[in-house]
Amino acid sequence: MVERYWEALKGVKDPEIPVLNIVEMGMVLGVEAEGEKVRVRFRPTFSGCPALRLIREEIEKALREAGAKEVEVVEARTPWSTEDMAEEARRKLLGYGVAPPLPLPLVGKDPPCPRCGSQEVVLKNTFGATLCKMLYQCAACGEVFEAFKTV
Ligand SMILES: [Zn+2]
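Residues numbered from 1 in each chain as written. Predicted model: local features only at pLDDT ≥ 70, side-chain atom pairs only at ≥ 80, totals over all residues. Heavy atoms only, no water.

An unreviewed UniProt entry annotates the protein as Phenylacetate-CoA oxygenase subunit PaaJ originating from Thermus brevis.

As structure tokens, this is what we get:
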């Protein structure tokens, strides 16, 4: 019976990036159901993200709409890594104009421009619109874009 809860969780978007849901972000580690009580093991992406409280509320709402009477959101201790993101999530980010996180060994490197693929990019600001993203400008095509931080 947990399938419908997983489905419901796919309706919870990452408020930072509305095209992505928390399941493809790799934020949901497990769903257990006991009667009408549902427990979600959840791993926040960036502990400093102000969106966290909102996501928890959205999780609860989605599960209640799927039939849960009682919802418990347990925060997992294992830290989230951008490696946990589904391949689909990376593709969607790119389509959204956001440079997806680089593979972990390349942490600290600049991402290629999501528009033209050029490596000639200039870091404009360590903190883009949110703490999770950085702001770059492409020297080749002039595109200003956000890049998802690799963690
Ligand atoms: Zn470019």
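Colleague: How should I be thinking about the domain arrangement of the protein in this particular structure?
Modeller: For the protein, the assigned domains are domain 1 (2-75) and domain 2 (98-148). Computed from C-alpha atoms alone, the centre-to-centre distance between domain 1 and domain 2 is 28 Å. (Domains from an automatic or database assignment.)

Colleague: I keep staring at the coordination of the zinc ion and nothing clicks. Help me out?
Modeller: Geometry reference: four tetrahedral donors at a metal, ideal angle 109.5 degrees. Six octahedral donors, ideal angles 90 or 180 degrees. Each protein donor to the zinc ion is listed here as Cys113 (SG), Cys116 (SG), Cys138 (SG) and Cys141 (SG); together their distances run 2.3 Å. For the zinc ion, all donor residues lie on one chain, and their spacing in sequence is C-x2-C-x21-C-x2-C. Of this pair, cysteine 113 sits in the loop between strand 6 (98-99) and strand 7 (121-125) while cysteine 141 sits in the loop between strand 8 (133-138) and strand 9 (144-148); the two residues are 28 residues apart in sequence, bridging distant segments of the chain. Residue cysteine 113 is classed as buried on the basis of its relative accessible area of 4%. (Donors = N, O, S within 2.8 Å, 3.2 Å for Na, K, Ca; no water. Helix = DSSP H or I, 4+ residues; strand = E, 2+ residues; numbered from the N terminus. Buried < 20%, exposed > 50% of the residue type's maximum accessible area, 1.4 Å probe, protein only.)

Colleague: What am I meant to see in the nonpolar core here?
Modeller: Note on soluble globular proteins: their nonpolar side chains tend to be buried together. Counting 29 residues, the largest nonpolar core has Leu9, Ile22, Val40, Phe42, Ile59, Leu63 and Met85 as its most contacted members. Those elements that provide at least two residues to this core are helix 1 (3-9), strand 2 (17-21), strand 3 (28-34), strand 4 (37-42), helix 2 (52-65), strand 5 (70-75) and helix 3 (87-95). Per element, the largest residue contribution to this core is 5 residues, and it comes from helix 2. Ignoring any residue separated from it by four or fewer positions in sequence, one finds leucine 9 in contact with Asn21, Ile22, Val23, Val28, Val31, Val40, Ile59 and Leu63. (Core = buried A, V, L, I, M, F, W, Y, C linked by side-chain atoms within 4.5 Å. Contact = heavy atoms within 4.5 Å.)

Colleague: What's the story with the sheet that holds strand 4 in this structure? I'm lost.
Modeller: Judged by pairing direction, the sheet is mixed, and its 3 strands sit side by side in the order 3-4-5 without closing on themselves. The open sheet terminates on both sides in strands that have one partner only, identified here as strand 3 and strand 5. Along the sheet, successive strands turn relative to each other by an average axial angle of 15°, direction set aside. Inspection of the sheet shows strand 4 paired to strand 5 by 6 bridges, in the parallel sense. Each bridged residue has a counterpart across the sheet, and for lysine 37 the counterpart in strand 5 is glutamate 70. (Pairing = 2+ DSSP bridges. Axes fitted to C-alpha atoms, helices over the stretch in contact; angles between N-to-C directions.)

Colleague: Would you mind going over the pairing of strand 4 with me for this structure?
Modeller: Successive residues of a regular strand alternate their side chains across the two faces of the sheet. Going residue by residue along strand 4, you find Val38, Val40 and Phe42 tucked away on one face and Lys37, Arg39 and Arg41 left uncovered on the opposite face. Joining the antiparallel neighbours strand 3 and strand 4 is a turn of 2 residues, in which glycine 35 adopts a positive phi near 65°.

Colleague: Before we go on, may I ask you to explain the pattern of salt bridges in this structure?
Modeller: Opposite charge on two side chains allows them to pair when their charged atoms are near. Going through the model one piece at a time under the given rule, you end up with 12 salt bridges. A salt bridge links arginine 43 to aspartate 84; the shortest N-O distance between them is 3.2 Å. Note that arginine 43 is positioned in the loop between strand 4 and helix 2 and aspartate 84 in the loop between strand 5 and helix 3, a separation of 41 residues in sequence. Judged by relative accessible area, which is 10%, arginine 43 ranks as buried. When its relative accessible area of 31% is taken as the criterion, aspartate 84 is described as partly exposed. The shortest N-O distance in the salt bridge between glutamate 57 and arginine 53 comes to 3.4 Å. (Salt bridge = Lys/Arg side-chain N within 4 Å of Asp/Glu carboxyl O.)

Colleague: I would appreciate a short explanation of helix 2 in the present structure.
Modeller: In this model, helix 2 (14 residues) spans 20 Å end to end at C-alpha, consistent with the 20 Å of a helix rising 1.5 Å per residue. For helix 2, the set of buried residues is Leu52, Ile55, Ile59, Ala62 and Leu63. The buried residues of helix 2 occupy an angular sector of 95° when the element is viewed end-on, so they sit on one face. Residues of helix 2 that are exposed and point over 90 degrees away from its buried face: Arg53 and Glu65. Its buried side turned inward, helix 2 meets helix 1, strand 4 and strand 5. (Expected span 1.5 Å × (residues − 1). Arc of directions from axis to C-beta.)

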